[in-house]
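# Close look at the chain arrangement
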Amino acid sequence: MSQKKAPEKPTGNHTSVEMEMADMVGKPLGGPGTQPTKPVRKKSSESMTSDPDLYYSVEDLRSEPPPGEPVSNRIRPMLGQGKHEAGALFFKDGYRRIDYVLAFPVPRRKHPVKVEHKPEDDSSAFHPEGEDQKVRRRREFEKNLIEAGLDLERDDEGARTKKCVTALLSQLHGSQIASREPTKDHGMCFVRLHAPWKVLSQYAEILKIKMPTKKIYELKERTGIKAKAYALWRKTIKPLQPSPQAKQVDKEPYKHISYTFSRDKEHMFHIESRETFFKPSTRSLVVHEILKRTRYSQKDYAIGITNLIAQGVYTAAYPLHEGEFEGDTDIPPNPRQMLFDEWGSYSKFVKFQPLNLIRNYFGEKIGMYFAWLGLYTKLLIPSSLVGLIVFLYGVFTMDDNVPSDEVCEAYNITMCPLCDRECKYWRLSDSCKSAKFSHLFDNEVTVFFSIFMSLWATWFLENWKRKQMELNYAWDLSGFEEEEEQPRPEYEARLVKHRIEQSDKTGEEVKLPKKQTLFAVGVSSVTILTMFTVTLAAVFAVIMYRLSVASALAIYPNSGQIVSGTAVTLNLIVILILDEIYGSVAAFLTNLECPRTETEYEDKLIFKLFLLKFVNSYASIFYVAFFKGRFMGRPGQYIYAAPGLRMEECGPGGCLYELCIQLSIIMAGKQLIQNNVMEIGMPKLKKFLRECTCFGLCKERAERAEDKAGPRDTRWEEDLVLEPFSGLSPEYLEMIIQFGFVTIFVASFPLAPLLALVNNVLEIRLDARKFVQELRRPMAERAKDIGIWYNILKGITKISVIVNAFVIAITSNFIPRTVYQYMYSPDGSLHGFIDWSLSTFNVSDFEPGSEPRDNRSLGEVVQFCRYRDFRDAPWEAEPYKYNLAYWHIFAARLGFVICFQNVVIFLKDFIAWLIPDEVKEIKERQRREKRIIMEMLLEEERRMRQHYYATDHRHSNGKISQNGFLENHLASEFASAEEFDDSSIETQV
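The following refers to the structure shown. Keep in mind that this is a model prediction, so the values were computed, not measured.

## Observations regarding the overall build of the protein chain
Secondary structure assignment for the protein chain yields 32 helices and 15 strands. Counting every position in the protein chain, which comprises 989 residues, the buried fraction comes to 50%. Pairs at least 24 residues apart make up 77% of the contacts formed inside the protein chain by residues separated by at least 6 positions.

Below, the structure written as structure tokens:
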């Protein structure tokens with residue numbers, strides 16, 4: 001590209017303002033030795049602005065001033081005043097809406113620096129550079145944004161009376177301009193972006209965004225008993241609905257038909273005003289697409305705002321919130337205020353969420369998450385009630401439970417010590433409280449509750465598929481999957497470095513080398529396995545802590561409760577710390593793999609996050625449920641984890657009792673600390689730190705706050721200090737982990753659904769306040785489902801069936817009690833079960849050095865002690881060998897696991913078949929709308945044909961052959977559509 005000669009230094013007598021403007025424009029002023037430029041008088045509404053301080057006519061900047069007129073008059077502002085308040089959500093002209101904001105720091109400097117546009121070398125593209133390099137990239141990027149059709153408005157230059165017009169001037173003069181970056185001493189500079197109608201309509205067509213047409217139709221009303229039941233239901237839930245203003249739905253029974261936007265058929269759409277036709281969320285989506293695809297240098301890989309933020313060229317890029325979330329109640333509230341009042345208010349926790357308002361403000365992807373969370377929370381109500389009934393059953397039958405009564409009355413049964421040397425013999429009756437407490441969760445109805453929760457999980461997933469279809473219809477997301485997703489800028493940047501010549505010859509798509517991809521996958525796999533090892537090491541460390549402390553405190557009474565409580569608390573702290581580390585590790589590994597599209601990137605990141613955090617959250621619980629007390633050996637032949645520290649056994653209350661304690665503390669602790677306290681506290685702390693480190697912005701805002709008569713903070717300044725939106729993966733992940741607690745180990749803790757319900761009711765309101773008050777407004781994204789999370793939920797439901805089967809069969813005493821009652825009990829009751837479940841050990845068979853120091857701790861010499869196992873007595877022919885009862889119980893456990901899994905899986909499949917995936921009423925509406933749209937397009941075809949006939953018969957003959965193809969195509973598609981009775985439909989324009 002040829003470089004033009006640099007502008008000469010102006011000569012003649014001119015004012016300082018004229019000299020400065022000449023320097024900004026990059027052209028010589030009128031005077032001796034200068035060549036006048038030919039005036040350009042093209043009308044261009046896109047290049048004209050109406051701000052007297054900042055925006056100017058491009059034609060006036062190019063034109064030569066009349067003789068005797070000062071050059072400052074050459075930059076003529078357009079007079080007039082906008083209809084909106086400047087500095088809030090609109091440009092300073094008051095007409096153009098601010099759709100996106102870019103922010104960058106202006107470092108402290110003594111003198112303004114002139115920036116020359118020079119070719120960039122390859123080596124500096126992805127490496128830190130000085131401010132001059134950032135300025136060049138920033139100016140090139142903004143020039144390309146203007147060429148893409150966006151309008152830009154920049155912050156003040158130097159003093160607040162001098163405005164920055166560099167972006168418009170760069171469009172005029174390209175790389176030959178040598179103007180200054182804003183000469184503000186230091187602080188933040190903002191670039192505000194506006195997408196005009198031309199750009200919005202173009203990208204709405206490219207992105208296949210559905211918009212309402214002028215056609216409306218009357219919905220078919222229900223008749224008969226269905227109508228009465230539906231009316232009664234609506235009347236019942238009316239107090240739970242959000243306010244009509246927040247619901248934002250069409251007035252029933254009418255609905256606007258939506259169709260993919262097309263500029264050629266613009267007259268078919270319901271456009272009351274071009275300013276409000278596209279929602280703010282759609283406008284920000286369009287601008288974000290442009291920002292992702294705009295180059296900032298001549299190199300192929302220099303693409304996108306993401307790379308510019310990573311290189312420090314810009315600090316942030318974000319759409320603006322719709323005003324303040326708290327305002328005057330006398331004026332109509334803005335959408336942000338409505339969300340805060342209707343969605344974020346704790347006083348309205350019993351009301352449904354305003355999903356349409358959430359979708360219109362934050363986009364379909366975030367709306368889909370909160371719709372899923374709302375349905376999940378609503379369906380937790382029946383499971384919580386059933387779990388509460390199971391718990392209350394245990395409470396009411398506690399005094400009538402035969403095994404726990406026998407434990408409390410076993411004053412003459414001496415139990416073997418729980419550790420070597422320091423531990424003493426103890427009476428079985430000492431575990432009376434633990435046995436009573438264990439009955440609350442280990443009783444006869446636990447099995448049925450486990451089956452119920454497995455079926456509930458399937459019921460929830462099937463209902464979500466139906467809800468998802470309703471949202472896709474209501475939010476015009478049908479056909480969204482047909483859109484081909486563009487490659488990520490990071491993928492394109494890495495791809496350019498590996499472009500090969502033969503790809504240009506064959507025309508095939510260039511992909512990253514397989515060696516690089518396999519290397520990244522290998523590194524990820526090894527790293528994830530290493531993280532699994534770290535998690536298991538943390539669990540083992542907690543086990544060693546419990547063993548060593550229990551041995552040291554064995555001489556103190558009630559030391560077991562202290563050891564268990566501190567060990568679980570320590571385990572919770574380790575889980576929370578590793579969760580934060582694993583989040584960073586998963587993001588690093590996903591960036592290393594460099595997936596092609598955003599969907600692939602998100603899926604791989606989610607999969608890694610789930611694997612790491614699932615293992616981290618459940619490793620200790622799996623240990624207590626299936627390993628603790630299973631590999632400890634027996635008295636006289638214990639297995640040791642370390643010299644002097646034998647493998648721990650379950651406490652006096654049994655393993656299920658300890659599993660319940662472990663599960664309840666970890667679940668409650670994660671929800672209270674990680675899900676609630678950190679979600680609210682961390683954004684506030686980061687906001688405070690950001691205010692004090694935003695390159696002097698904190699000082700500027702403090703000065704304005706002291707000067708009450710001075711200017712207030714602008715909307716973009718207030719949003720900058722908010723916490724950036726980091727995606728929905730953390731939100732989904734915490735709910736998925738909670739879903740695992742509710743379904744996988746529910747046999748050991750029936751109150752888990754109730755605890756999850758209480759947490760989620762608060763979680764929805766906390767998340768609402770966080771999104772509305774503490775976070776920058778996210779870029780609106782479209783999504784027709786919850787993505788890979790649905791497959792993860794299905795996997796968890798299948799795992800829950802297996803785990804609950806083994807928890808009931810192995811961890812609880814359900815199988816031993818059943819075997820004793822029906823095979824060994826003389827009267828078919830549980831009397832004598834405790835004595836039958838204990839084996840006898842001769843204390844003389846202890847290994848040397850492992851026997852208790854005091855053999856008279858119970859006031860008498862102990863010759864025999866009892867322990868939990870099914871082995872022969874020491875006086876049998878083969879002492880301490882597994883007896884027949886052990887094998888009976890083993891066979892019963894195996895048979896129970898097989899039967900439980902098959903029965904539950906059959907019932908799950910039956911429920912999935914019983915509940916249809918599609919809503920019949922919505923399916924009929926979609927067919928009706930499709931037919932009406934076809935008729936509308938055919939009518940448009942006929943109207944165009946008549947128009948051509950009336951204007952030019954000869955010209956219309958040529959058009960008929962072209963339009964006839966469209967008519968035949970639509971007619972064939974219409975003929976293939978399903979026929980139905982549409983007598984109740986009334987269409988009107």
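## Some words on the sheet that holds strand 2 (residues 151–154)
Strands sit in the order 2-3-1-6 across an open sheet of 4 strands; the sheet is antiparallel. Edge strands, defined here as strands with exactly one partner in the open sheet, are strand 2 and strand 6 (316–318). Across this sheet, the average inter-strand angle for adjacent strands is 20 degrees, counted without regard to direction. Summarising the sheet, strand 1 (residues 100–106) and strand 3 (residues 187–194) pair through 7 bridges and their orientation is antiparallel.

## Digging into unusual backbone geometry
The phi angle at lysine 208 is positive, at roughly 60 degrees, despite the residue not being glycine. For lysine 208, the position within the fold is in the loop between helix 5 (197–206) and strand 4 (210–218). Despite not being glycine, tyrosine 880 shows a phi value in the positive range, around 65 degrees. Position of tyrosine 880 among the secondary structure elements: in the loop between strand 14 (864–868) and helix 30 (884–914).

## A look at the packing of helix 25 (residues 729–743) against helix 26 (residues 752–774)
Two elements in contact, helix 25 and helix 26, have axes separated by 10 Å at closest approach and are oriented at 170 degrees. Judged on the interaxial angle alone, helix 26 and helix 25 are roughly antiparallel. On helix 26, the residues that touch Glu731, Glu734, Met735, Gln738, Phe741 and Val742 of helix 25 are Ala752, Pro753, Ala756, Asn759, Asn760, Glu763, Asp767 and Lys770. Counted by class, the contact of helix 25 with helix 26 contains 6 nonpolar, 3 polar and 5 charged residues.

## As for the pattern of salt bridges
Side-chain pairs of opposite charge can arise where the charged atoms are in close proximity. Taken as a whole and assessed by the stated rule, the structure comprises 37 salt bridges. Among the ionic pairs, glutamate 322 bridges to arginine 97, the shortest N-O distance being 2.3 Å. Note that glutamate 322 is positioned in the loop between strand 6 and helix 11 (335–342) and arginine 97 in the loop between helix 2 (58–62) and strand 1, a separation of 225 residues in sequence. Take glutamate 322 and arginine 97: they sit in the same class, and that class is buried. The closest approach of N and O atoms between arginine 715 and glutamate 718, which form a salt bridge, is 2.9 Å. Of the two residues, arginine 715 and glutamate 718 are both situated in helix 24 (residues 715–720); the distance of 3 residues between them amounts to about one turn of the helix. The network of salt bridges with shared partners includes Glu324, Arg715, Glu718 and Asp719.

## Thoughts on the packing of helix 21 (residues 598–626) against helix 27 (residues 788–811)
Relative placement of two packed helices is described by the angle separating their axes and the distance separating the axes. For the pair helix 21 and helix 27, the least separation of the axes is 13 Å and the interaxial angle reads 10 degrees. Relative to helix 27, the element helix 21 is oriented roughly parallel. Between helix 21, through Asp603, Ile606, Phe610, Phe622, Ala625 and Phe626, and helix 27, the contact on the second element is made entirely by Ile788, Trp789, Ile792, Ile796, Val803, Phe806, Val807 and Thr811. Residues that form the contact of helix 21 with helix 27 fall into these classes: 12 nonpolar, 1 polar and 1 charged.

## Observations concerning helix 11
Most of helix 11 is tucked away: 6 of the 8 residues are buried. Of the positions making up helix 11, those classed as buried are Arg336, Gln337, Met338, Leu339, Phe340 and Glu342. The backbone nitrogen of arginine 336 has a side-chain oxygen 3.0 Å away, supplied by the residue at the start of helix 11, namely asparagine 334.

## Considerations on the state of the cysteines
Using the criterion set out here, one finds 2 disulfides in the structure. Two residues, cysteine 408 and cysteine 432, share a disulfide whose sulfurs are 1.8 Å apart. Measuring the twist about the S-S bond at about 80 degrees, one finds the cysteine 408-cysteine 432 disulfide to be right-handed. Linking cysteine 408 in helix 14 (residues 402–408) with cysteine 432 in helix 15 (residues 432–439), this pair joins segments that are 24 residues apart in sequence.

## Considerations on helix 12 (residues 355–362)
In terms of burial, helix 12 is a largely internal element, 8 of the 8 residues being buried. Three or more residues of helix 12 are buried, namely Leu355, Asn356, Leu357, Ile358, Arg359, Asn360, Tyr361 and Phe362.

## Some points on the side chain of serine 748
As for its position among the elements, serine 748 is in the loop between helix 25 and helix 26. A residue is classified by how much of its surface remains accessible, and serine 748, at 0% relative accessible area, is buried. A polar side-chain atom of serine 748 sits 2.8 Å from the main-chain carbonyl oxygen of phenylalanine 745. Look past the residues within four positions of serine 748 in its chain and what remains in contact with it is Phe441, Leu656, Leu659, Cys660 and Leu663.

## A few points about the nonpolar core
Formed by 130 residues in total, the largest nonpolar core has its most connected members in Trp372, Tyr376 and Phe745. Looking at which element gives the most residues to this core, the answer is helix 21, with 14 residues. Residues in contact with phenylalanine 745, not counting those within four places in the same chain, are Tyr618, Ile621, Phe622, Ala625, Phe626, Leu659, Leu663, Gly740, Val803, Asn804 and Val807. One finds Val191, Ala195, Trp197 and Met469 within the second-largest nonpolar core, a separate group that totals 48 residues.

## Thoughts on the pairing of strand 2
Of the two faces of strand 2, the one holding Asp151 and Glu153 and the one holding Leu152 and Arg154 are both buried throughout. In this sheet, strand 3 lies alongside strand 2 in antiparallel orientation, the contact comprising 4 bridges. Bridged to leucine 152 within strand 3 is leucine 193.

## Structural notes on the packing of aromatic side chains
Taken as a whole, this structure holds 57 aromatic pairs when the rule is applied. Centroid distance phenylalanine 277 to phenylalanine 278: 4.9 Å. Interplanar angle 75 degrees. Geometry classified as edge-to-face. For phenylalanine 277, a relative accessible area of 8% gives the class buried. On the basis of an interplanar angle of 40 degrees and a centroid distance of 5.2 Å, the ring pair of phenylalanine 610 and phenylalanine 614 is categorised as tilted. With phenylalanine 610 and phenylalanine 614 both in helix 21, this residue pair falls 4 residues apart, about one helical turn. Take phenylalanine 610: its relative accessible area is 12%, and that puts it in the buried class. The exposure class of phenylalanine 614 is buried, given its relative accessible area of 15%. In this arrangement the basic side chain of arginine 97 is found over the ring face of phenylalanine 90, its NZ or CZ atom lying 5.9 Å from the centre. Residue placement shows arginine 871 over the ring face of tyrosine 882; its charged tip is 4.2 Å from the ring centre.

Cut-offs applied
- Residues numbered from 1 in each chain as written.
- Predicted model: local features only at pLDDT ≥ 70, side-chain atom pairs only at ≥ 80, totals over all residues.
- Heavy atoms only, no water.
- Helix = DSSP H or I, 4+ residues; strand = E, 2+ residues; numbered from the N terminus.
- Buried < 20%, exposed > 50% of the residue type's maximum accessible area, 1.4 Å probe, protein only.
- Contact = heavy atoms within 4.5 Å.
- Pairing = 2+ DSSP bridges.
- Axes fitted to C-alpha atoms, helices over the stretch in contact; angles between N-to-C directions.
- Parallel < 35°, antiparallel > 145°, perpendicular 65-115°, else oblique.
- Nonpolar A, V, L, I, M, F, W, Y, C, P; charged D, E, K, R; others polar.
- Salt bridge = Lys/Arg side-chain N within 4 Å of Asp/Glu carboxyl O.
- Polar contact = N/O pair within 3.5 Å; in protein donor to acceptor, adjacent residues only side chain to side chain.
- Disulfide = S-S within 2.5 Å.
- Core = buried A, V, L, I, M, F, W, Y, C linked by side-chain atoms within 4.5 Å.
- Phe/Tyr/Trp six-rings, centres within 6.5 Å; stacked < 30°, edge-to-face > 60°.
- Lys NZ or Arg CZ within 6 Å of the ring centre and 35° of its normal.

Nothing here speaks to function; it is geometry throughout.
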